[in-house]
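A closer look at the structure
One letter stands for each residue in the lines below.
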Amino acid sequence: MASPDIQTSRQASRPATRQDCLALDEADPLAPRRQMFQLPPGVIYLDGNSLGALTHAAERRVQQTLGAEWGTDLIKSWNAHDWIELPARLGARIAPLVGAAPDETIVCDSTSVNIFKIAAAAARARGERHRIVTELGNFPTDPYMLQGLAALVPGLELVCVERDQLEGAIDEQTFLVVLTHVHYATAEMFDLATLTAQVQAKGARILWDLSHSVGAVPVDLAAAGADFAVGCSYKYLNGGPGAPAFMYVRRELQADLQPVLSGWLGHARPFDFIDEYVPAAGMTRHRCGTPPVLAFAALEGALSVFEGVDMQVLRRKSEALSELFIELVESFGADFGAVLASPRSAAQRGSHVSFAHPDGYALMQQLISRGIIGDFRAPNLLRFGFTPLYLRYVDVWDAAQGLREELQRWRTVGPSAVVRQSVT
Ligand SMILES: Cc1ncc(COP(=O)(O)O)c(C=O)c1O
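Given the structure is predicted, the values throughout are model-derived calculations rather than measurements.

Rules used in this analysis
- Residues numbered from 1 in each chain as written.
- Predicted model: local features only at pLDDT ≥ 70, side-chain atom pairs only at ≥ 80, totals over all residues.
- Heavy atoms only, no water.
- Helix = DSSP H or I, 4+ residues; strand = E, 2+ residues; numbered from the N terminus.
- Expected span 1.5 Å × (residues − 1).
- Buried < 20%, exposed > 50% of the residue type's maximum accessible area, 1.4 Å probe, protein only.
- Domains from an automatic or database assignment.
- Contact = heavy atoms within 4.5 Å.
- Buried area = accessible area lost by both parts, 1.4 Å probe.
- Salt bridge = Lys/Arg side-chain N within 4 Å of Asp/Glu carboxyl O.
- Polar contact = N/O pair within 3.5 Å; in protein donor to acceptor, adjacent residues only side chain to side chain.
- Nonpolar A, V, L, I, M, F, W, Y, C, P; charged D, E, K, R; others polar.
- 1 Å grid on protein atoms, 1.4 Å probe; cavity = no way out; pocket = protein on both sides within 12 Å on 5 of 7 lines; lining within 4 Å.
- Points joined across faces, edges and corners; volume = space filled by probe spheres on them.
- Pairing = 2+ DSSP bridges.
- Axes fitted to C-alpha atoms, helices over the stretch in contact; angles between N-to-C directions.
- Core = buried A, V, L, I, M, F, W, Y, C linked by side-chain atoms within 4.5 Å.

Quick notes on helix α15 (residues 393–413)
Taking 1.5 Å of rise per residue, the 21 residues of α15 would be expected to cover 30 Å, and the 30 Å separating its terminal C-alpha atoms lies within 8% of that figure. Regarding α15, the residues found buried are Y393, V394, D395, V396, W397, A399, A400, G402, L403, E406, L407 and W410. With its phi angle positive at about 85°, G414 sits one or two positions after the end of α15.

Description of the domain arrangement of the chain
Domain boundaries assigned for the chain yield domain 1 (4–36 + 309–413) and domain 2 (59–306). Just the C-alpha atoms count here: the centres of domain 1 and domain 2 sit 31 Å apart. Facing the 25 residues of domain 1 at the interface are 18 residues of domain 2. With both chains or domains summed, domain 1 and domain 2 bury close to 1,700 Å², and 62% of this area falls on carbon and sulfur atoms. Here domain 1 is connected to domain 2 by 0 salt bridges. Linking domain 1 with domain 2 are 11 residue pairs in polar contact (both at pLDDT 80 or more), by the criterion used here. Among the secondary structure elements, those contributing two or more residues to the side of domain 1 that touches domain 2 are α13 (311–330), β10 (352–356) and β13 (381–385). Grouping the amino acids of the side of domain 1 that touches domain 2 by side-chain chemistry returns 11 nonpolar, 9 polar and 5 charged.

Regarding the layout of surface pockets
Taken as a whole, the largest pocket spans an internal volume of roughly 620 Å³. Lining the largest pocket are 31 residues, and of these S50, D375, R377, R383 and V423 lie nearest its centre. Of all elements in the fold, only α6 (111–124), α14 (360–369) and β12 (375–377) reach the threshold of two or more residues within the lining of the largest pocket. Residue composition of the lining of the largest pocket, by class: 11 nonpolar, 13 polar and 7 charged. Formed jointly, the lining of the largest pocket draws a minimum of three residues from each of two domains, domain 1 (4–36 + 309–413) and domain 2 (59–306).

So, the sheet that holds strand β9 (residues 339–340)
Consider a sheet: its strands pair through backbone hydrogen bonds, and that pairing is either parallel or antiparallel. Strands sit in the order β9-β10-β13-β12 across an open sheet of 4 strands; the sheet is antiparallel. The two strands at the open ends of the sheet, each matched to only one other strand, are β9 and β12. Where β9 and β10 come together, 2 bridges link them in antiparallel fashion. Counterpart to V339 in the pairing with β10 is A356. Strands in contact with α14 are β12 and β13; relative to β13, the strand with the most contacts, it is inclined by about 40°.

With respect to the nonpolar core
The biggest cluster of nonpolar side chains holds 50 residues, and the ones touching the most others in it are W208, L210 and L221. No other element matches helix α12 (residues 293–303), which puts 4 residues into this core. There are two domains that each give this core at least three residues, and those are domain 1 (4–36 + 309–413) and domain 2 (59–306). Setting aside its immediate chain neighbours within four residues, L210 contacts V98, H181, L192, V219, L221, A229, V230, G231 and F246. Ranked by size, the runner-up nonpolar core spans 37 residues in total, among them L24, V329, V396 and W397.

Structure, rendered in structure tokens:
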């Protein structure tokens, strides 16, 4: 589904020009949001799906936490500045972005740890069922955490299958299905409501990894009746490197979900310092230890850029930016061996686009060296993220042009012997 923004601003029959893109930027209702970010000059940032850009609000909030709070009020800040409630407070701020109620979400730990926490708690309540099902090719931390859990819990079986085999694999032995809504490599998007209903019809629960959805794709966990969810806050939510993750548990399931990582801050009365663990009510029981306050402060500031944003408007711009990029790159890409590796239909795609190319890593390094920052995902994907709050249509045009020049250069000079760095 093409965005109306793009259709109305130029004729669909000819390729977009740079001029068209400038006109689209003029008419873009989200354009003013770009000023809320600190973007280095000369850079086109197409990696907000991996690490979101710094917001002015995050910087201010961290400064305030350092100076007026930690630096001045010292330990009194836990009460005076309500540091202790940061996990619940930020959970409540993220809730509307995923269609959850404020008391169904909490911010704590990392996405990896939260996957383990939910799966382990679900395993504890699983009854006779012993199987967890997930997708082959899922972002690796999801199956890795589940492999760790399976090694720990006698009799627990982990089944990993291709996407088209999922339905058959979920049976009366399955207590949990773990899926990533938007695929990290291809951006292929599950129909969250349909899959949730399918899983629940088999008597199992579903855990959605929303890392590549939250802040980019409207998600309605309540409408879908989803059971559990987790997700990163350092991608489209711009919380900063290593920002704490969120987790969601549907309200009706909260009382029966007993934490396995039963830390003191998940206790009903942590400052009673009693020997026996008693889980707190609601989502609070899923806190383990002390929250990293500086990281929370950055996320708290960053979340303010979503205030007043209509997620449907944001989604339409995300689709339009992605469609534009695909259209431009496909007008030359095939001649140079660059092939679309994401779904062509916007309705089945998240907010990033991947092109496969045999020399993808070296090409991406070249693009980065000229200020067009995307990333590479093995074995051969050039991945480009489209963040509607700070990207312009003209950036997309310039990025596609840069890619065309690099592909032309690549054809002339041939594959380069670039040494792969540890983070790609
Ligand atoms: C789908 C998905 N889940 C989880 C993670 C990472 O989790 P963590 O923050 O624990 O490293 C990523 C990181 O890119 C991801 O894409």
